[in-house]
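Coordinate analysis (summary)
Read off the chains here:
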Amino acid sequence: MKTTRRECLKLAAATGVSTMFPWQRVYAQAQSPALKKFIQRLPGLGPAGIPVASATSYLGADSYHLVAGEYTQQLHPQLPHPTRLWGYADATTGVHRHLGPVIVAERGRPVRLSVTNTLPPVHLLPVDVSLPGAELAPNRMAVHLHGGHVPWVSDGGPFSWFGADGTYGPSAVSAPDMGVALPGTFNYYYPNDQSARLMWYHDHAIGITRLNAYAGLASAYVLRDLAEATLIASGAIPSNEIPLVIQDKIFKKTADQWGQAGDLWYPSEYNPDDVQPGGLPLPFPSCVPEFFGDTMLVNGLVFPTARLEQRKYRLRILNACNARFCTLRLFYAQGTEFPANTEPDTRHPGPPFIQIGTEGGFLPGPVLLDGRTDATLLLAPAERADLIVDFSDVPAGSILILYNDAAAPFPMGDPETDYYTGARTNPTVSQPGFGPDTRTLLQIVVGPRVGAKDPHAPLKLPPLDPAPLVPPGVTALPPGIPVRDLTLNEDFDQFGRLIQRLGTTEPLYDGTFARNYGDAPTETPRAGAIEVWRIFNLTGDTHPIHFHLVNVQIVSRQAFHIRRLRFTGPPRPPDPNEFGWKETVRMNPGECTTVIVKFDLPAAPFAVPASPRTGGHEYVWHCHILEHEEHDMMRPLIVI
Ligand SMILES: [Cu+2]
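Everything numeric here is computed off the predicted structure, so don't read it as measured data.

Quick notes on the environment of Gly473
With respect to the helices, strands and loops of the structure, Gly473 is situated in the loop between strand E25 (440-447) and strand E26 (483-492). Separated by 407 residues in the primary sequence, Gly473 and Leu66 have C-alpha atoms spaced 42 Å apart. Those residues in contact with Gly473, other than ones at most four positions away along the chain, are Pro573 and Phe579.

So, in structure tokens, the structure goes:
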């Protein structure tokens with residue numbers, strides 16, 4: 001169900017909605033150096049790879065103390081210098097490693113997290129101070145547990161930031177009783193009252209979220225439970241588990257005012273050709289509509305390679321890109337010698353994926369994604385997939401490539417953001433075996449099985465936890481549930497730059513539905529209420545809409561008349577691999593995405609005050625294309 005460029009332009013012409021041509025959006029993309037592919041090992045979890053945070057026991061909880069700071073790490077042997085990064089480190093070791101430290105939590109046992117901000121007062125990336133909140137200190141931070149069911153004071157929302165200098169945002173309320181009393185420290189309380197799933201924690205400070213996450217303030221948070229342990233013990237799910245965190249970056253070839261060769265590059269200029277005339281002069285630095293890198297990292301390193309055995313593996317994938325969607329498949333490499341072993345033979349598919357989970361834990365049943373039909377694995381920014389891949393029948397000595405060919409922006413695409421060997425439309429020629437390359441993410445070398453065979457058990461997944469609100473795949477809405485109509489909008493800001501915003505269906509500014517994040521809250525459900533949200537996408541992009549606090553069920557997607565917001569086609573159910581709980585939902589252009597959601601609040605062992613800024617329990621919902629979220633595709637979600 002892809003909307004073609006032609007259809008989108010027709011849509012824009014028919015409605016008078018001003019839609020930018022997405023292939024004109026890219027400006028001044030720096031090119032990373034040509035880094036040789038697959039010459040370093042995929043980091044796993046542990047001291048040699050991505051560290052795991054160590055807990056102490058405190059007040060019946062696992063207690064962690066992290067510090068956030070600047071450090072350097074060699075992300076590829078051929079980069080001229082170690083790359084300057086921001087990141088979290090376990091305070092007990094002080095060791096910074098990209099994407100570390102991972103927190104592993106147990107259902108029913110809370111986590112108490114103290115984070116001390118030691119970020120330097122100058123950001124390592126260009127800061128556009130014209131964005132709301134970005135005029136404040138550039139070393140503010142807010143730790144958001146993405147996917148967590150947590151009290152609002154510990155949600156790490158945009159206004160709950162804390163500075164290295166002991167200053168706090170207007171919604172910052174630190175959790176009590178943590179035992180750490182250092183300046184610039186903030187306390188979080190996570191109940192862990194959810195089923196097993198892969199979450200992540202990342203920065204969310206207003207005005208600089210996209211920069212802080214890109215600079216490295218992001219890590220994984222794995223929640224375990226008994227149902228999962230039972231599946232692993234029975235052999236239904238492989239015990240060999242590999243997290244794969246995907247990111248796209250650009251590395252500076254030459255020094256500039258923000259850093260030296262080998263440091264992270266991020267755009268500082270808006271393309272003047274794309275500006276709507278009549279606006280204020282463009283600020284410098286300026287935000288951009290989306291950031292798309294040219295070089296792929298998996299588990300924090302550039303173009304890694306993994307050595308696996310002829311057995312089953314559980315791959316847990318997180319798309320941690322700022323804006324890039326991924327369509328993932330496995331292909332055999334073109335050959336076993338360099339550079340043929342770095343390029344896919346797209347006529348020769350590798351083993352299929354069996355998807356067993358999403359952001360919200362296990363699916364109700366496994367879903368086969370063989371990549372050959374419509375059954376591909378599409379992951380928008382912040383979406384996760386829990387996969388089983390069986391390499392038992394892959395001949396020993398085979399080399400496979402984890403391959404992405406999603407359009408960027410999605411779904412219409414711009415050839416200039418698609419880097420790969422032999423790309424004719426891209427002015428950069430990627431040489432075989434070398435980056436820039438946004439398609440070949442990971443090389444997998446399959447060796448013979450060592451040790452015992454994989455245990456064999458039927459793959460039966462537990463029922464959805466919590467129980468679904470509607471039967472998965474049924475598009476009819478249950479009667480009597482309040483329906484909220486909302487919109488995804490795109491127009492221009494005071495500088496003539498594209499701006500994406502959420503809104504209701506009540507016109508506000510210039511007859512558009514769009515509202516700013518800073519406008520008065522309109523989504524104010526009562527605690528415990530069940531609501532249906534119908535979200536009409538009036539833009540040309542697919543937006544991964546992320547809900548704080550809650551998981552949702554996707555009920556349907558449905559075409560609509562863009563001016564009358566009236567349905568023009570039948571509702572279609574979500575894809576089978578969306579039948580479970582979700583908190584990041586792809587919403588396609590020209591479609592209304594309907595979700596059902598219950599606004600349950602978590603319990604806390606301390607009194608949770610109302611938000612001093614908004615009253616109620618202050619959360620947000622927003623697009624997880626980070627450049628959209630920041631400008632200004634986010635709205636308060638206030639549970640009362
Ligand atoms: Cu968006």
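With respect to the coordination of the copper ion
Protein coordination of the copper ion is provided by His543 (ND1), Cys623 (SG) and His628 (ND1), with donor distances spanning 2.0 to 2.1 Å. Going along the chain, you hit the donors of the copper ion in the pattern H-x79-C-x4-H. Of this pair, His543 sits in strand E29 (residues 543-547) while His628 sits in helix H4 (residues 626-629), and the two are 85 residues apart along the sequence. A residue is classified by how much of its surface remains accessible, and His543, at 0% relative accessible area, is buried. Using a relative accessible area of 0% as the deciding quantity, one classes His628 as buried.

Quick notes on the pattern of salt bridges
Inspection of every chain in the model, using the stated rule, returns 37 salt bridges. One salt bridge in this structure joins Arg314 and Glu241, with 3.5 Å as the shortest N-O distance. With a gap of 73 residues between them, Arg314 in strand E17 (residues 312-319) and Glu241 in strand E13 (residues 241-249) connect regions that are remote in the sequence. Between Glu383 and Lys582 there is a salt bridge whose closest N-O contact spans 2.6 Å. Note that Glu383 is positioned in the loop between strand E22 (377-379) and strand E23 (384-390) and Lys582 in the loop between strand E31 (566-567) and strand E32 (584-587), a separation of 199 residues in sequence.

Digging into the confidence of the model for the protein
Regions with low pLDDT should not have their predicted coordinates read in detail. Considering every residue of the protein, the mean pLDDT works out to 93; 94% of them sit at 70 or more. Segment residues 1-27 is flagged for pLDDT under 50; beyond a separation of four residues in sequence, or across chains, it makes 55 contacts in the model.

Here we look at helix H3 (residues 226-234)
Measuring from the side-chain oxygen of the N-cap residue of H3 to the backbone nitrogen of Ala227 gives 3.3 Å; that N-cap residue is Asp225. Remark: Gly235 follows H3 within two positions and exhibits a positive phi of approximately 90°.

Notes on the pairing of strand E14 (residues 295-298)
In summary, the side chains of a regular strand alternate between the two faces of the sheet. Residues Thr295 and Leu297 point to one face of E14 and Met296 and Val298 to the other, with burial holding for every one of them. Judged from the four bridges that link them, E13 and E14 form a sheet pairing that is antiparallel. Its bridge partner lying in E14, Gln247 is registered against Leu297. In this antiparallel pair of consecutive strands, E14 and strand E15 (residues 301-302), the connection spans two residues, and Asn299 shows a positive phi of 55°.

Some remarks on the sheet that holds E17
Here seven strands make up an open sheet; going across it, the order is E15-E14-E13-E17-E23-E20-E21 and the pairing mixed. Looking along the sheet, the strands with just one partner apiece sit at the ends: E15 and strand E21 (361-369).

Examining unusual backbone geometry
Pro339 follows Phe338 through a cis peptide bond whose omega is 0°. Assignment of secondary structure puts Pro339 in the loop between strand E18 (326-333) and strand E19 (344-349). Of note, the amide linkage connecting Asp465 to Pro466 takes the cis form, showing an omega dihedral of 5°. Backbone geometry at Phe38 places phi at a positive 65°, although glycine is not the residue there. Relative to the helices and strands, Phe38 resides in the loop between helix H1 (5-15) and strand E1 (40-41). With a phi angle near 55°, Asn299 is a residue other than glycine that sits in the positive phi range.

What to know about the packing of aromatic side chains
Counted under the stated rule, the structure contains 23 aromatic pairs. Aromatic pair Phe186 and Tyr188: ring centres 5.0 Å apart, planes at 50°, arrangement tilted. Judged by centre distance (5.8 Å) and plane angle (80°), the rings of Tyr190 and Tyr221 are edge-to-face. Of this pair, Tyr190 sits in strand E10 (residues 185-190) while Tyr221 sits in strand E12 (residues 218-224), and the two are 31 residues apart along the sequence. Classification of Tyr221 as buried rests on a relative accessible area of 0%. An aromatic cluster of three or more residues is present, and its members are Phe162, Tyr168, Phe186, Tyr188, Tyr190 and Tyr221. Across the ring face of Phe338, the terminal group of Lys36 is positioned such that the distance to the ring centre comes to 4.3 Å. Directly above the ring of Tyr420 sits Arg439, whose terminal nitrogen or CZ lies 3.7 Å from the centroid.

Rules and cut-offs
- Residues numbered from 1 in each chain as written.
- Predicted model: local features only at pLDDT ≥ 70, side-chain atom pairs only at ≥ 80, totals over all residues.
- Heavy atoms only, no water.
- Helix = DSSP H or I, 4+ residues; strand = E, 2+ residues; numbered from the N terminus.
- Contact = heavy atoms within 4.5 Å.
- Donors = N, O, S within 2.8 Å, 3.2 Å for Na, K, Ca; no water.
- Buried < 20%, exposed > 50% of the residue type's maximum accessible area, 1.4 Å probe, protein only.
- Salt bridge = Lys/Arg side-chain N within 4 Å of Asp/Glu carboxyl O.
- pLDDT = per-residue confidence, 0-100.
- Polar contact = N/O pair within 3.5 Å; in protein donor to acceptor, adjacent residues only side chain to side chain.
- Pairing = 2+ DSSP bridges.
- Phe/Tyr/Trp six-rings, centres within 6.5 Å; stacked < 30°, edge-to-face > 60°.
- Lys NZ or Arg CZ within 6 Å of the ring centre and 35° of its normal.

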